[in-house]
Amino acid sequence: MPHVLVLNASYEPLGVISMRRALILVLNHKAVSLEDSEFTLHSATSAITAPSVVRLTRFVRVPFCGPVPLTRRALFARDHGRCVYCGAAATSVDHVIPRSRGGQHRWDNVVAACRRCNHTKADRHLTELGWRMKRPPAPPSGLAWRIIGTGIRDPRWRPYLEPYGGVEQFREYEHYDHPEHSGRSHPVQNGHPVQVVHHPIHRGEQPEALSA
Ligand SMILES: [Zn+2]
């Protein structure tokens, strides 16, 4: 079943819900559809185009101070699906300071790695191997990560998420996007550009294709 991106009344990304739940919100006037999906749902008497992006009609207060949940999907997205040691396609999660030597399962101690590097590194510190990383691992920031971390993707969501961080990851989407969806950079509603706040992005470069 396809998923729908939910935005707050303020256009902040809130999460991903099922199409069925999104339709119920729209039919109850709790949300409005901003983007259609390619799906049409039929009842006995009518047909309705299912949404791909909805916006709540009332602002909900959500405590956004917590860190981005550390999941395998979110980690692979942060590290571009590449092994941080050699750049090969990542297939595993590595603890930079091995757990057996007190390393914790935290954003600043986990990286995506290929099987070979993970195996070679085993229970050793980087200094013992003479290995280096381009930059120390850090937690991702930006509201868009709540969506990116789910691993659910839809190129139509990109313009709505782009202002909230994770821009590199969405650029990577373009390798897979349909051409008709990749040209727009700002959401438009009823012909008027939506008010979006552009936060400066302080993240690295290296847009590479996600292999996962
Ligand atoms: Zn590697």
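Structure's up top.
Residues numbered from 1 in each chain as written. Predicted model: local features only at pLDDT ≥ 70, side-chain atom pairs only at ≥ 80, totals over all residues.

Ranked by internal contacts, the top residues of the largest apolar core, which has 36 residues, are Leu 5, Val 53, Val 54, Cys 83, Ala 112, Ala 113 and Ala 144. Within the residue set of this core, elements represented by two or more residues are strand S1 (3-7), helix H1 (19-27), strand S3 (31-42), strand S4 (47-56), helix H2 (72-78), strand S6 (110-113), helix H5 (145-148) and helix H6 (158-161). Counting residues domain by domain, this core receives three or more from each of domain 1 (3-64 + 163-193) and domain 2 (72-129). If we ignore the near neighbours within four places in the chain, the residues touching Ala 112 are Leu 75, Phe 76, Asp 79, Gly 81, Arg 82, Cys 83, Val 84, Ala 90 and Val 93. (Core = buried A, V, L, I, M, F, W, Y, C linked by C-beta atoms within 7 Å. Buried ≥ 20, exposed ≤ 12 C-beta atoms within 10 Å, placed from the backbone. Helix = DSSP H or I, 4+ residues; strand = E, 2+ residues; numbered from the N terminus. Domains from an automatic or database assignment. Contact = placed C-beta atoms within 7 Å.)

With that out of the way, let us pick up the sheet that holds S3. Taking strand neighbours across the sheet as the criterion, the four strands line up as S2-S1-S4-S3 in an open arrangement whose pairing is mixed. Two strands close off the open sheet at either side, each with one partner strand: strand S2 (13-18) and S3. Across the sheet, the axes of successive neighbouring strands diverge by a mean angle of 30°, strand direction being ignored. Bridge analysis of S1 against S4 gives three bridges, and the strand direction is parallel. Paired with Leu 5 across the two strands is Val 53, which belongs to S4. (Pairing = 2+ DSSP bridges. Axes fitted to C-alpha atoms, helices over the stretch in contact; angles between N-to-C directions.)

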